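Remarks on the overall topology
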Amino acid sequence: MTTIKEAADTFLASRRIAVTGVSRDGGHGSNVVYERLRDRGYEVFAVNPNTDEVMGDRSYHSLSEIDGGVEAVVIGTSPAHAQETMEECAELGITQTWMHRSFGGGSVDSAAAEWGRRHGITVIDGGCPLMYGPTSDIGHRIMKVFCSRHIPKEV
């Protein structure tokens with residue numbers, strides 16, 4: 001097993017990251033993650049099958065539409081869509097995923113996480129990438145303390 005810190009460091013070492021569940025209306029956790037990654041110099045891609053634009057940027061309907069692919073995916077959709085995303089990651093050879101979760105259930109689907117692991121995908125099933133490394137801020141570091149029971153110790 002890998003510690004959450006090691007897994008987060010590996011995930012955030014990726015430079016091309018897709019974020020699923022980014023909303024065209026804003027106000028969603030995926031939008032915050034997308035915007036922070038973009039602002040911190042990552043090449044980030046919004047994925048939403050229901051729109052062509054998010055926050056002034058192109059939105060892709062699926063991971064397979066992203067020219068050149070991505071190295072990692074933040075799953076920010078409802079848990080009901082996590083399995084589909086995990087299967088697309090496996091098909092495309094994407095081996096780093098993060099199921100976003102702070103308070104409540106978030107995007108975590110335990111069955112999809114286990115499926116991904118059986119197919120060679122590293123799955124961080126809880127927490128938020130903005131709680132770690134170069135993407136973190138004081139608010140997310142504080143949130144990490146309060147959400148600790150929703151953050152895996154190992155992945």
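We now turn to the structure provided with this report. (Residues numbered from 1 in each chain as written. Predicted model: local features only at pLDDT ≥ 70, side-chain atom pairs only at ≥ 80, totals over all residues. Heavy atoms only, no water.)

Assigned secondary structure in the chain consists of 5 helices and 7 strands. Mapped in sequence order, the helices and strands of the chain form the string α-β-α-β-β-β-β-α-β-α-β-α. Here the chain has a C-alpha radius of gyration of 14 Å; the compact-globule value for 155 residues is 15 Å, and the two agree. Projected onto its principal axes, the C-alpha coordinates of the chain cover approximately 35 × 35 × 25 Å. Evaluated residue by residue, the chain yields a buried proportion of 50% over its 155 residues. In the chain, 67% of the contacts between residues at least 6 apart in sequence involve partners at least 24 apart. For the chain, the exposed area adds up to about 7,400 Å²; of that, 49% sits on carbon and sulfur atoms. Looking at the chain, you have 15 positive and 21 negative side-chain charges, and the mean spots of the two groups are 8 Å apart. (Helix = DSSP H or I, 4+ residues; strand = E, 2+ residues; numbered from the N terminus. Rg over C-alpha atoms; globule rule 2.2 N^0.38 Å. Buried < 20%, exposed > 50% of the residue type's maximum accessible area, 1.4 Å probe, protein only. Contact = heavy atoms within 4.5 Å. Areas by Shrake-Rupley, 256 points an atom, 1.4 Å probe, with all protein chains shown as cover. Lys, Arg positive; Asp, Glu negative; His and termini not counted. Charge placed at Lys NZ, Arg CZ, Asp CG, Glu CD.)

Our next topic: the pairing of strand 1 (residues 16-20). Burial runs high along strand 1: 5 of the 5 residues are buried. In this view, the connection linking strand 1 to its parallel neighbour strand 2 (residues 43-47) by way of helix 2 (residues 29-39) has right-handed handedness. Pairing of strand 1 with strand 5 (residues 72-75) involves 3 bridges; the strand directions are parallel. Paired with Val-19 across the strands is Val-74, a residue of strand 5. (Right-handed = clockwise from strand over helix to strand, strands pointing away. Pairing = 2+ DSSP bridges.)

Turning next to a nonpolar patch on the surface. Residues Ile-138, Ile-142, Val-145 and Phe-146 make up a contiguous nonpolar surface patch of roughly 440 Å² in combined accessible area. The residue Phe-146 is located in helix 5 (residues 138-146) in this model. (Patch = residues over 30% accessible without salt bridge, like charges linked within 9 Å, V, L, I, M, F, W, Y side chains within 5 Å. Salt bridge = Lys/Arg side-chain N within 4 Å of Asp/Glu carboxyl O.)

Here is a general trend for soluble globular proteins: nonpolar side chains tend to be buried in one another's company. With 26 residues, the main nonpolar core has Phe-11, Ile-17, Val-19, Val-33, Leu-37, Ile-124 and Tyr-132 as its most contacted residues. Contributing elements (two or more residues each) for this core: helix 1 (4-13), strand 1, helix 2, strand 2 and strand 5. Counting residues per element, this core draws most heavily on helix 1, which supplies 5 residues. Once residues lying within four places of it in the same chain are set aside, the contact partners of Ile-124 are Ile-4, Ala-7, Ala-8, Phe-11, Thr-97, Trp-98, Met-99 and Val-155. Counting residues in each nonpolar core, the second largest holds 20 residues, with Leu-63, Val-73, Met-86 and Ala-113 among its members. (Core = buried A, V, L, I, M, F, W, Y, C linked by side-chain atoms within 4.5 Å.)

Okay, the side chain of Thr-77 next. Residue position: Thr-77 is located in the loop between strand 5 and helix 3 (82-92). A relative accessible area of 18% places Thr-77 in the buried class. Discounting chain neighbours no more than four positions away, the residues touching Thr-77 are Thr-20, Gly-21, Ala-82, Gly-106 and Ser-107.

Here the structure, examined in full by the defined rule, presents 8 salt bridges. Of the charged contacts in the structure, one is a salt bridge between Asp-9 and Lys-5, with a shortest N-O distance of 2.8 Å. With a gap of 4 residues between them, Asp-9 and Lys-5 both fall in helix 1, about one helical turn apart. Note on Asp-9: relative accessible area 35%, which makes it partly exposed. Of the charged contacts in the structure, one is a salt bridge between Asp-39 and Arg-38, with a shortest N-O distance of 3.9 Å.

A few words on the environment of Pro-129. Here Pro-129 lies in the loop between strand 7 (122-125) and helix 5. You can call Pro-129 buried: its relative accessible area is 0%. If near-sequence neighbours (up to four positions away) are discounted, Pro-129 is found in contact with Leu-12, Val-33, Val-74, Trp-98, His-100 and Thr-135.

Fair warning: the whole summary comes from geometry, so function is off the table for now.
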